[in-house]
Amino acid sequence: MKNSYLLGFFLVVVSGVIWSFGAPLVRYLEDAESFRLQYLLYRGLIITSVILIFVLFREGRNFFQTFKRIDSWSLIGSLVMSVTFFGWIYALTTTTVAITLLMLAVSPVLSAFLGYLILGERLSKSTLLNMLIVAIGITIMVWDTDKSATIIGVIYGFFVALGFAIYTITIRKNPEVPKLLTPALAGFFCMIWATILILLTGSGFEMPSANIGISMTHGLVVGIGLILYGLGAKYLPSGELVMLSLLEVVLGIFWAWLPVLGIHEVPTRNTLIGGLAILFAIIMQGVYARKKHHIPMP
């Protein structure tokens, strides 16, 4: 049991470290705002391919049988997640890495609230208090800002967090559905939406070769991270998963700040104060969840 716990802990930590490079990667895009749709198309292709290759390797002859276990909830989850892929890129190309990642960190608290609304799970006083702290943290981050892009980025980030919270609820609804198929479908749907929008806007499928390489690398980062997280999550209580999810946030902000990487985004004072409030609320949520000893589905 101890070895299983250590293995799960290691896999989830590695997934968080890998994911932390995702947001800074977007900063290396050439003319990012002009190639959002193309970026999403290529990234979605790689996410879907990486996950399906892993599922094929794991399931072997039963590969196609796994798709029969997909239900309406997993379809809803994949559709919602495909939209959050869009919100994630639009947030990163609108505001700072720090604000985008800190908004994403709100999703565990939102998941608890949606669990109450949709699954009938008990909403504790601790969760309500954490929601209030998160709201205060977000208010501090956007307070007295003279950049409308910051507020728009926070809005994008909030809906990304909400989308991930809904996705979490959908995969918890039916334990029998293979968890990796939902993000694989999300990547596929993301490709479809991006293709439709590219055709409607007439923007074309071409983009700089450097952007193609970055989008594919980001797809690998997301896909491999999802696989490792899925393998490790079944061995850990949900509270520890909540706290370990902060690793992506903290490291992502650090990589974006680290001068040697050439991005050098320095968070503002309000972002740091509001972000610390949000991180405190998420840690408290994790401590509470750990006491309940909930084990997530594999």
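Further up the page is the structure itself.
By convention here, each chain's residues receive numbers from 1 onward along its written sequence. Given that the model is predicted, a residue must reach a pLDDT of at least 70 before its local features are reported, and side-chain atom pairs must reach 80 or more before they are shown or counted; all residues, however, enter totals for whole chains, interfaces and linings. Side-chain measures here rest on the full set of heavy atoms in the structure, leaving out hydrogens and waters.

**Some points on helix α10 (residues 181–201)**
Counted only if it meets this: The helix and strand labels rest on DSSP assignments: H or I over at least four residues marks a helix, E over at least two residues marks a strand, and numbering proceeds from the N terminus. What a helix is expected to span follows from its residue count: subtract one and scale by 1.5 Å. The buried label goes to any residue with under 20% of its type's maximum accessible area, the exposed label to any with over 50%, and the partly exposed label to all in between, with areas taken from a 1.4 Å probe on protein chains only.
Its 21 residues give α10 an end-to-end C-alpha distance of 30 Å, which sits within 8% of 30 Å, the value for a rise of 1.5 Å per residue. What α10 keeps buried is the set L181, T182, P183, A184, L185, A186, G187, F189, C190, M191, A194 and I198.

**A look at the side chain of T271**
What counts, and what does not: By definition in these notes, contact holds between two residues if any of their heavy atoms fall within 4.5 Å.
Of note, T271 is situated in helix α14 (residues 269–292). Non-local contacts of T271, meaning those with residues more than four positions away in its chain, are made with A98, I99, L102 and M141.

**With respect to the pattern of salt bridges**
Condition: For this document, the term salt bridge refers to a Lys or Arg side-chain nitrogen within 4 Å of an Asp or Glu carboxyl oxygen.
Within the structure shown, the criterion is met by two salt bridges. The residue R27 makes a salt bridge to E265 at a minimum N-O spacing of 2.3 Å. With R27 in the loop between α2 (22–26) and α3 (36–59) and E265 in the loop between α13 (246–257) and α14, this residue pair connects regions lying 238 residues apart in the sequence. With a shortest N-O distance of 3.4 Å, R58 and E59 are connected by a salt bridge. What makes R58 partly exposed here is its relative accessible area of 43%.

**A closer look at the environment of M131**
Relative to the helices and strands, M131 resides in helix α8 (residues 125–142). By relative accessible area, which is 24% here, M131 ends up partly exposed. Between the C-alpha atoms of M131 and V106, which are 25 residues apart in sequence, the distance is 8.7 Å. For M131, the residues in contact, after removing those within four places along its chain, are V109 and F113.

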